[in-house]
2 protein chains.
Amino acid sequence: MKLQLTIALALCSAAAFAQQALYNFNAVTSPQLNADASVTFRYVNPAADSVKVIGDFTAPEGAEAIPSVLSMTRGSDGVWETTTPPLAPELYSYRLEVDGVATNDPSNVYIARDVTTLSNIFLIDGGYRGLYGINDVPHGTVSHPWYHSDLLGTDRRLTVYTPAGYETSGRNYPVLYLLHGMGGDENAWSELGRATQILDNMIASGEVRPMIVVMPNGNVDMPAAPGESHLGLTVPTPQLPHSMEGTYEKSFPEIVSFIDANYRTRRDKASRAIAGLSMGGFHSLHISKDYPDMMDYVGLFSAAVWPFMEEAKATYADTEAKLEKQFADAPRLYYIAIGSDDFLYDTNKQYRALLDSKDYPYTYIETPGGHMWKNWRHYLVDFLPRLFK
Amino acid sequence: MKLQLTIALALCSAAAFAQQALYNFNAVTSPQLNADASVTFRYVNPAADSVKVIGDFTAPEGAEAIPSVLSMTRGSDGVWETTTPPLAPELYSYRLEVDGVATNDPSNVYIARDVTTLSNIFLIDGGYRGLYGINDVPHGTVSHPWYHSDLLGTDRRLTVYTPAGYETSGRNYPVLYLLHGMGGDENAWSELGRATQILDNMIASGEVRPMIVVMPNGNVDMPAAPGESHLGLTVPTPQLPHSMEGTYEKSFPEIVSFIDANYRTRRDKASRAIAGLSMGGFHSLHISKDYPDMMDYVGLFSAAVWPFMEEAKATYADTEAKLEKQFADAPRLYYIAIGSDDFLYDTNKQYRALLDSKDYPYTYIETPGGHMWKNWRHYLVDFLPRLFK
């Protein structure tokens, strides 16, 4: 201890910003996770007139709803503070608003990008069913290989989860292709989606079969996540053209070929699944119908089912005919999940009506809530045990 | 385009924080990288009295030094702004100070944690020699496998770089073990160190031999980076006990065994290197002398050579005897690099005097600057071409 302290003090005294490595001994702890699952936020700013916390706070079942905006109270020491009621086990996002200006909590180093916004995050009780925590179970490997797309004319980055034991087992594994939404990228499911932890924990408990999970980038004009491509550290744009115009679906077999060539996969239809959220649900719908012999498990999480919107009718004109072909040898699982407040609820209802009218079998899950990560994580937890059985 | 816009607007209008996915159409662009390599920062805050940018700005060779604190000027619209002089090609870190309170730039989604501090980052002209950019070259794969340490009694997370073509070449590769400093972790070299980009670019140009690079976690009490271990999203501590008391060195062969068992490695001394910064330099010094037959290339970047401090003498009492054994069959490269302003400069000088007194051969590089990532990235660029030749 004595030795480390000497070094820490040496660094500290020597520190001019980034001229010497920085140690920021934070004056306050924020967020502080309390034993009763409440959370205390603190922020040092003697000059501010008003400080608020804005977050996606969720009450435990049966408890009173928690407002998403909480006012902080200023102490005589210039430290602002507020404490939430007890929260449900979940991964939470929040930011501060200081005199009307959005800012991150400078005491919390955990921060996640969602589309073009950074939010601080924290985790209560290991999250939903305790599945978001990094527990004492065997861990899979997360990798970022690049594949070449002839069709898109570039190398593109993937996130690949291989289950614990993959490296030495000699076995072949089924594959789930797990797709992100608009504005997301190949990091979305492993970061905000907690997919790595969910898979580690559910495979360890035996609820889920060991599988390879491939998380590609579904933006045709973006070879990799912001900061990970030749575009460098440029401002990400939430409007990504051409990603819902049929090209991505056409290029998808290049990903499957790459995975089959580089990983020990099982390659039959019964050993492949595809699922995605929002735009990724749209892609899952179209890819699974365009290649009806490819995947036997399909998951549409809050899916954008836009072929039923005027704008997309031309591009996806043959959707109904292809669905007919797909359901002639119906997928073992065609899973639709959406929140009752989701802005895509109505188009999903239209889509279900179409499936019903044709007697195409599917599984339908409706939850409270809207177009949000909380639901997508829950849908993944619900979907995974249904695969490859 | 029309379709994406419809969805973006739908999401936008539906957005209550994190209840629906968020699109934050930033009102200003910051940082804006200008054609002359200057950078404009902008920040919206009509109520603030004083806003500064604090960063590690470096002038091009020959140009006047740039202060690390720049005052921003308030426009009539409440937007604060300042522009730097032209900067040298480099990766930069900065933060804002608003009425004396440190904050991140809310318009910049690129942010990196160094020890316990978050800073925004940006890149000028692909960095030093253009090597930090993601260029149109074949990309290696970055993976995060976990190995088991019997000695430390836990699974521990690694970052592993395998060069482009590794998956299908069938060849065996030499291995560099690349270690971080105190307060760092297995993500440090791939994030602030730009090691992935440096390796991709220098292997593609033929300057550097294709190699596997293993970036372990050198903190014995920390199985993985903050947020990646069972500790969850808890506040990281800059003081990590027991990491410089001999245990890590004892446990190091477990990492080498894991890598040799799971990757196609070359396993002779001439095909192994070890290098590290600060505490990682300390570890490299001791590991290379404790296992004199293991590594033929050793790099000490701004190394903590604390065996010469009073506190460490007992633990590392046998250092001189072991160095004698190591240098009886001298490493092909024993590389020491440090900045003239580094707070570890004097102990490095003492260490060099010891090596000189014994006629142990080594390569010495002295640069301007202190204990900082800029230097460590430059040392890596200088070190890599010397390996496995």
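Residues numbered from 1 in each chain as written. Chains lettered and ligands numbered in written order. Predicted model: local features only at pLDDT ≥ 70, side-chain atom pairs only at ≥ 80, totals over all residues. Heavy atoms only, no water.

**Focus on unusual backbone geometry**
Line of reasoning, step 1. Residue Pro 31 of chain A is reached from Ser 30 of chain A by a cis peptide bond, and omega for that bond is -5 degrees.
Line of reasoning, step 2. Within the fold, Pro 31 of chain A resides in the loop between α1 (2–14) and β1 (32–33). (Helix = DSSP H or I, 4+ residues; strand = E, 2+ residues; numbered from the N terminus.)

**With respect to the pairing of strand β12 (residues 146–149) of chain B**
Residues and elements named next belong to chain B.
Line of reasoning, step 1. Inspection of the sheet shows β12 paired to strand β13 (residues 154–157) by four bridges, in the antiparallel sense. When the bridges of β13 are listed, His 148 appears paired with Asp 155.
Line of reasoning, step 2. What sits between β12 and β13 in their antiparallel hairpin is a turn of four residues, with Gly 153 showing a positive phi close to 70 degrees. (Pairing = 2+ DSSP bridges.)

**Focus: the pairing of strand β3 (residues 51–55) of chain B**
Residues and elements named next belong to chain B.
Line of reasoning, step 1. Here β3 lies mainly inside the structure; four of its five residues are buried.
Line of reasoning, step 2. Looking at chain direction, β3 and strand β7 (residues 91–98) are connected through five bridges and run antiparallel. If you follow Ile 54 over to β7, its bridge partner there is Arg 95. (Buried < 20%, exposed > 50% of the residue type's maximum accessible area, 1.4 Å probe, protein only.)

**Quick notes on helix α8 (residues 345–357) of chain B**
All names here are of chain B.
Line of reasoning, step 1. Here α8 contains 13 residues, and its C-alpha end-to-end distance of 18 Å stays within 8% of the 18 Å for a straight helix at 1.5 Å per residue.
Line of reasoning, step 2. All of the buried residues in α8 are Tyr 345, Thr 347, Asn 348, Tyr 351, Arg 352, Leu 354 and Leu 355.
Line of reasoning, step 3. Where α8 is buried, its residues touch α6 (279–290), β18 (297–301), α7 (319–328), β19 (333–339) and β20 (363–367).
Line of reasoning, step 4. Phi turns positive one or two residues past the end of α8, at Asp 359, with a value near 60 degrees. (Expected span 1.5 Å × (residues − 1). Contact = heavy atoms within 4.5 Å.)

**Quick look at the packing of helix α5 (residues 247–262) of chain A against helix α6 (residues 279–290) of chain A**
Residue and element names in this part refer to chain A.
Line of reasoning, step 1. Across the interface, α5 lies against α6 with an axial gap of 10 Å and an inter-helix angle of 65 degrees. The hand of the α5/α6 crossing is right-handed. Touching Tyr 248, Glu 249 and Phe 252 of α5 are Phe 282, His 283, His 286, Ile 287 and Asp 290, all from α6.
Line of reasoning, step 2. By residue class, the composition of the contact of α5 with α6 is four nonpolar, two polar and two charged. (Axes fitted to C-alpha atoms, helices over the stretch in contact; angles between N-to-C directions. Left-handed = near helix turned anticlockwise from the far one by under 90°. Nonpolar A, V, L, I, M, F, W, Y, C, P; charged D, E, K, R; others polar.)

**Focus: the sheet that holds strand β5 (residues 73–74) of chain A**
All names here are of chain A.
Line of reasoning, step 1. Pairing within the open sheet is antiparallel, and its four strands lie in the order β1-β2-β6-β5. Each edge of the open sheet carries a strand with a single partner, namely β1 and β5.
Line of reasoning, step 2. Note: strand β2 (residues 39–44) against strand β6 (residues 79–83), five bridges, orientation antiparallel. Paired with Tyr 43 across the bridge in β6 is Trp 80.

**Overview of the side chain of Arg 377 of chain A**
Residue and element names in this part refer to chain A.
Line of reasoning, step 1. Positionally, Arg 377 belongs in helix α9 (residues 373–383).
Line of reasoning, step 2. Residue Arg 377 is classed as buried on the basis of its relative accessible area of 2%.
Line of reasoning, step 3. One polar contact links Arg 377 to Glu 90, side chain to side chain, over a distance of 2.9 Å.
Line of reasoning, step 4. Those residues within four positions of Arg 377 in sequence are excluded, and the remaining contacts are Glu 90, Leu 91, Tyr 132, Leu 192, Gly 193, Arg 194 and Ile 198. (Polar contact = N/O pair within 3.5 Å; in protein donor to acceptor, adjacent residues only side chain to side chain.)

**Some remarks on helix α9 (residues 373–383) of chain B**
Line of reasoning, step 1. The element α9 of chain B is largely enclosed, with a buried count of nine among its 11 residues.
Line of reasoning, step 2. Considered for burial, the residues of α9 of chain B that qualify are Trp 373, Asn 375, Trp 376, Arg 377, His 378, Tyr 379, Leu 380, Val 381 and Phe 383 of chain B.

**A look at the sheet that holds strand β6 (residues 79–83) of chain B**
Residue and element names in this part refer to chain B.
Line of reasoning, step 1. The strand order β1-β2-β6-β5 describes an open sheet built from four strands, whose pairing is antiparallel. Edge strands, defined here as strands with exactly one partner in the open sheet, are β1 (32–33) and β5 (73–74).
Line of reasoning, step 2. Pairing between β5 and β6: two bridges, direction antiparallel. From the neighbouring strand, Thr 73 faces β6, where its bridge partner is Glu 81.

**Regarding the packing of aromatic side chains**
Line of reasoning, step 1. Inspection of the entire model under this criterion finds 42 aromatic pairs over all chains.
Line of reasoning, step 2. Measuring from ring centre to ring centre gives 5.1 Å for Phe 282 of chain A and Tyr 316 of chain A, while their planes differ by 85 degrees; the resulting arrangement is edge-to-face. Remark: Tyr 316 of chain A occurs in the loop between β18 (297–301) and α7 (319–328) and Phe 282 of chain A occurs in helix α6; sequence separation between them is 34 residues. Accessibility classification places Phe 282 of chain A together with Tyr 316 of chain A in one group, the buried group.
Line of reasoning, step 3. Measuring from centroid to centroid gives 5.2 Å for Trp 373 of chain B and Trp 376 of chain B, while their planes differ by 80 degrees, and the two rings are edge-to-face. One end of the pair is Trp 373 of chain B and the other is Trp 376 of chain B, both in helix α9 and three residues apart, which spans about a single turn. Both residues of the pair, Trp 373 of chain B and Trp 376 of chain B, belong to the buried class.
Line of reasoning, step 4. Among the aromatic side chains, those forming a connected cluster through ring pairs are Trp 189, Phe 301, Tyr 335, Trp 373, Trp 376, Tyr 379 and Phe 383 of chain A.
Line of reasoning, step 5. The ring of Tyr 166 of chain B is capped by Arg 264 of chain B, whose NZ or CZ atom sits 4.3 Å from the centre of that ring. (Phe/Tyr/Trp six-rings, centres within 6.5 Å; stacked < 30°, edge-to-face > 60°. Lys NZ or Arg CZ within 6 Å of the ring centre and 35° of its normal.)

**Considering the pattern of salt bridges**
All names here are of chain A.
Line of reasoning, step 1. Using the criterion set out here, one finds 26 salt bridges over all chains in the structure.
Line of reasoning, step 2. Here Glu 81 makes a salt bridge to Arg 42, at a shortest N to O gap of 3.1 Å. One end of the pair, Glu 81, is in strand β6; the other, Arg 42, is in strand β2, and 39 residues separate them in sequence.
Line of reasoning, step 3. For Glu 81, a relative accessible area of 35% puts it in the partly exposed group.
Line of reasoning, step 4. Classification of Arg 42 by relative accessible area gives buried; the value is 17%. (Salt bridge = Lys/Arg side-chain N within 4 Å of Asp/Glu carboxyl O.)

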